[in-house]
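One-letter residues, chain by chain:
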Amino acid sequence: MKTLIPFFQQLLKDKNGSYSLRELVIAVLLVALVISWIGQQFFGKEIPESMFFTFASLIAGGTFGYSFEKKVVNIPPSNDQLPS
């Protein structure tokens, strides 16, 4: 259990190590997608097909956007670049 909490915290961070709303939205949509699939497979609860594909496409869009994100490297200014 102690290893699961840091794992979930890392899932919600972006490439710079900051918490991001995009990762949170992807995680919530992924949970909704899995719950809807479980409901359909085991309990016979039908959800509209368009809703299922909407969740899947939003997850794909969010993860695709993550691949374009660049990691920001903060380089401290050297002494000659500091304001006087």
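Here's what I pulled together on the structure shown here. (Residues numbered from 1 in each chain as written. Predicted model: local features only at pLDDT ≥ 70, side-chain atom pairs only at ≥ 80, totals over all residues. Heavy atoms only, no water.)

Further remarks concern the overall build of the protein. The helix and strand tally for the protein stands at 3 helices and 0 strands. Listing each helix as α and each strand as β along the protein from the N terminus yields α-α-α. Within the span of the protein, comprising 84 residues, buried residues form 14% of the whole. Nonlocal contacts in the protein, meaning residues at least 24 apart in sequence, comprise 52% of its contacts between residues at least 6 apart. (Helix = DSSP H or I, 4+ residues; strand = E, 2+ residues; numbered from the N terminus. Buried < 20%, exposed > 50% of the residue type's maximum accessible area, 1.4 Å probe, protein only. Contact = heavy atoms within 4.5 Å.)

Counted according to the given criterion, the structure contains 2 aromatic pairs. Taken together, a centroid distance of 6.1 Å and an interplanar angle of 85° make the contact between Trp37 and Phe42 edge-to-face. The interplanar angle of 80° and the centroid separation of 5.9 Å between the aromatic rings of Phe52 and Phe53 together place this pair among those described as edge-to-face. (Phe/Tyr/Trp six-rings, centres within 6.5 Å; stacked < 30°, edge-to-face > 60°.)

The next thing to look at is the nonpolar core. Membership of the largest hydrophobic core is limited to 5 residues, which are Ile26, Leu29, Leu33, Phe55 and Ile59. Of all the elements in the fold, those that place two or more residues in this core are helix H2 (21-42) and helix H3 (49-68). Among the elements that line this core, the one with the most residues is H2, at 3 residues. Residues contacting Leu33, with those up to four places away along its chain left out, are Phe52, Phe55, Ala56 and Ile59. (Core = buried A, V, L, I, M, F, W, Y, C linked by side-chain atoms within 4.5 Å.)

These figures capture arrangement, not role.
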